[in-house]
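# Survey of secondary and tertiary structure
These are the residues of each chain, in order.
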Amino acid sequence: MQEMNQRALELGIPLALHLDLTYRCNERCVHCYLDHDDHGELTTAEIKSVLDQAAEAGTFFLTLSGGEVLMRRDFFEILEHARRLMFNVRIKSNGVMIGTREAQRIRALGVEHIQISVYSHRPGIHDAITKLPGSLKRTIEAIRFLKSQGLKVTIANVLMRGNSADHAGVQALARELGASYTLDPTITPKIDGDTSILALRIPGSELNTVFHTEALVGNVEEFCAPPPAAGEDVMEAYPCSAGHTALYITPYGDVTPCVQFPLPSGNIRRQKLIDIWRDSPELQNVRSIHAKDLPVCSTCSHVGTCTRCPGLAYMEGSMRGPSSADCEKSFQRTGIPSANMLRKERPKASGPLVHIQPLLSAGATAPSSPLPAEVTSVTFRDTSSQVALRLSD
């Protein structure tokens, strides 16, 4: 995968596309940041055109998500078109609308991996978060259906005050179901700027505990070791794949470097995807940034190991600036303050970070360390003093 990404970088190819088909959803999760109304989603024909353009541009990896993707009645028509174009498709869903027939069709179309949201192993807690009675039961049934068809399933668990005691139970449930597991304690403001849901965040002090939990990170001593000195290769490196080999498109056709990097870079209703990819001034600006060009971070001892996200930095004011969230993460992991923290003369970053969307993790990396037997990779993403762990196969 690393070689493929490097080759795509050299050729200027958008190797991975994340496409949100809708922001509509059948659940009303207490922590959700989306506006679930339809404000003019891309039509079936428009989405097929986007997929055609992406295939022509060289895209191979396609993530379809929302909202809840199955809220679109044309979902399987879109999925069938995507597979006809030979995309490697990953789906994100809450699973509530997946029965035996849907699971069979997903597998028949050649999808290998689907991510399902589970917030607790206890129905009372999970259903209270989704505000949909019976949702945990239906989600677990969906996972069983999907596994019976041979699909790889990852359980995504967002950690918040209401379920903070349940992550071990959800991880055990994932093992029982034969699924991988992700833990994400990131709660973000709503896209309309409402920050009231930030009250759901777990206390920042728990971040240190997360980093020192062997079941999540493997060898704690190695994982939390001080960062090594950065070499020239580190200083010449790009922050992540966002805008370099990866791209995100909203349900309304807006293009940004990444789902977590809401820099407006074009709209596919007004421009061809390849023209946005090649000619967008915003994307060209993103691609100009090397670690050595970061005024503060280039002087930091964590520059080679920090999972600094340019999207989060952008939300704080500058894509070339520090991300206080990642500064906090590096500090809690190693006990060593970042250059940004020292500059501010305090050992902790503070203040809520407002950004549009969490996830996914384009290009994020974690320090190398042995992991539990059932875990093959770990990715960390956080906002303010929060962190997200992705444990996947």
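### What to know about the pairing of strand 5 (residues 152-158)
Burial of strand 5 is extensive: 6 of the 7 residues sit out of reach of the surface. With 5 bridges joining them, strand 4 (residues 113-117) and strand 5 adopt parallel strand pairing. When the sheet's bridge partners are listed, Ser-117 is paired in strand 5 with Ala-156. Sheet analysis places strand 5 next to strand 6 (residues 180-184), joined by 5 bridges and oriented parallel. Bridge pairing in strand 6 places Asn-157 opposite Leu-183. The handedness of the strand 5 to strand 6 crossover, carried by helix 7 (residues 167-177), is right-handed.

### Thoughts on the packing of helix 6 (residues 135-148) against helix 7
Following both chains from N to C, one finds helix 6 and helix 7 inclined at 30 degrees, their axes separated by 11 Å at the closest point. Crossing hand, helix 6 versus helix 7: right-handed. The segment helix 6 lies against helix 7, with Ile-140, Ile-143, Arg-144 and Lys-147 engaging Leu-173, Glu-176 and Leu-177. Considered class by class, the residues forming the contact of helix 6 with helix 7 number 4 nonpolar, no polar and 3 charged.

### Some remarks on unusual backbone geometry
The residue after Gly-66, namely Gly-67, is reached through a cis peptide bond having omega 25 degrees. With respect to the helices and strands, Gly-67 occurs in the loop between strand 2 (61-65) and helix 3 (75-84). Positive phi, normally seen in glycine, also occurs at Met-86, with a value near 70 degrees. Note on placement: Met-86 falls in the loop between helix 3 and strand 3 (88-93). Phi is positive for Lys-131, which is not a glycine, with a value near 60 degrees. Inspection of the secondary structure assignment puts Lys-131 in the loop between helix 5 (123-130) and helix 6.

### Description of the packing of aromatic side chains
A full pass over the atoms with the stated rule returns 5 aromatic pairs. Relative to Tyr-252, the ring of Tyr-23 has its centre 5.9 Å away and its plane inclined at 80 degrees; by these criteria the two rings are edge-to-face. Note that Tyr-23 is positioned in the loop between strand 1 (16-20) and helix 2 (44-57) and Tyr-252 in the loop between strand 7 (246-249) and strand 8 (254-256), a separation of 229 residues in sequence. Taken as a pair, Tyr-23 and Tyr-252 share a single burial class, namely buried. On the numbers, 5.6 Å between centres and 50 degrees between planes, the contact of Phe-261 with Tyr-314 is tilted. Taken together, the residues Phe-261 in the loop between strand 8 and strand 9 (266-267) and Tyr-314 in helix 14 (residues 310-315) connect sequence positions 53 residues apart.

### Considerations on the pattern of salt bridges
Within the structure shown, the criterion is met by 14 salt bridges. Here Glu-41 and Arg-72 are joined by a salt bridge, their closest N and O atoms 3.6 Å apart. Linking Glu-41 in the loop between strand 1 and helix 2 with Arg-72 in the loop between strand 2 and helix 3, this pair joins segments that are 31 residues apart in sequence. On the accessibility criterion, Arg-72 (7% relative accessible area) is buried. The salt bridge partner of Arg-269 is Glu-46, with a shortest N-O separation of 3.0 Å. In this pair, Arg-269 is assigned in the loop between strand 9 and helix 12 (273-279) and Glu-46 in helix 2, connecting sequence segments 223 residues apart.

Criteria and thresholds
- Residues numbered from 1 in each chain as written.
- Predicted model: local features only at pLDDT ≥ 70, side-chain atom pairs only at ≥ 80, totals over all residues.
- Heavy atoms only, no water.
- Buried < 20%, exposed > 50% of the residue type's maximum accessible area, 1.4 Å probe, protein only.
- Helix = DSSP H or I, 4+ residues; strand = E, 2+ residues; numbered from the N terminus.
- Pairing = 2+ DSSP bridges.
- Right-handed = clockwise from strand over helix to strand, strands pointing away.
- Axes fitted to C-alpha atoms, helices over the stretch in contact; angles between N-to-C directions.
- Left-handed = near helix turned anticlockwise from the far one by under 90°.
- Contact = heavy atoms within 4.5 Å.
- Nonpolar A, V, L, I, M, F, W, Y, C, P; charged D, E, K, R; others polar.
- Phe/Tyr/Trp six-rings, centres within 6.5 Å; stacked < 30°, edge-to-face > 60°.
- Salt bridge = Lys/Arg side-chain N within 4 Å of Asp/Glu carboxyl O.

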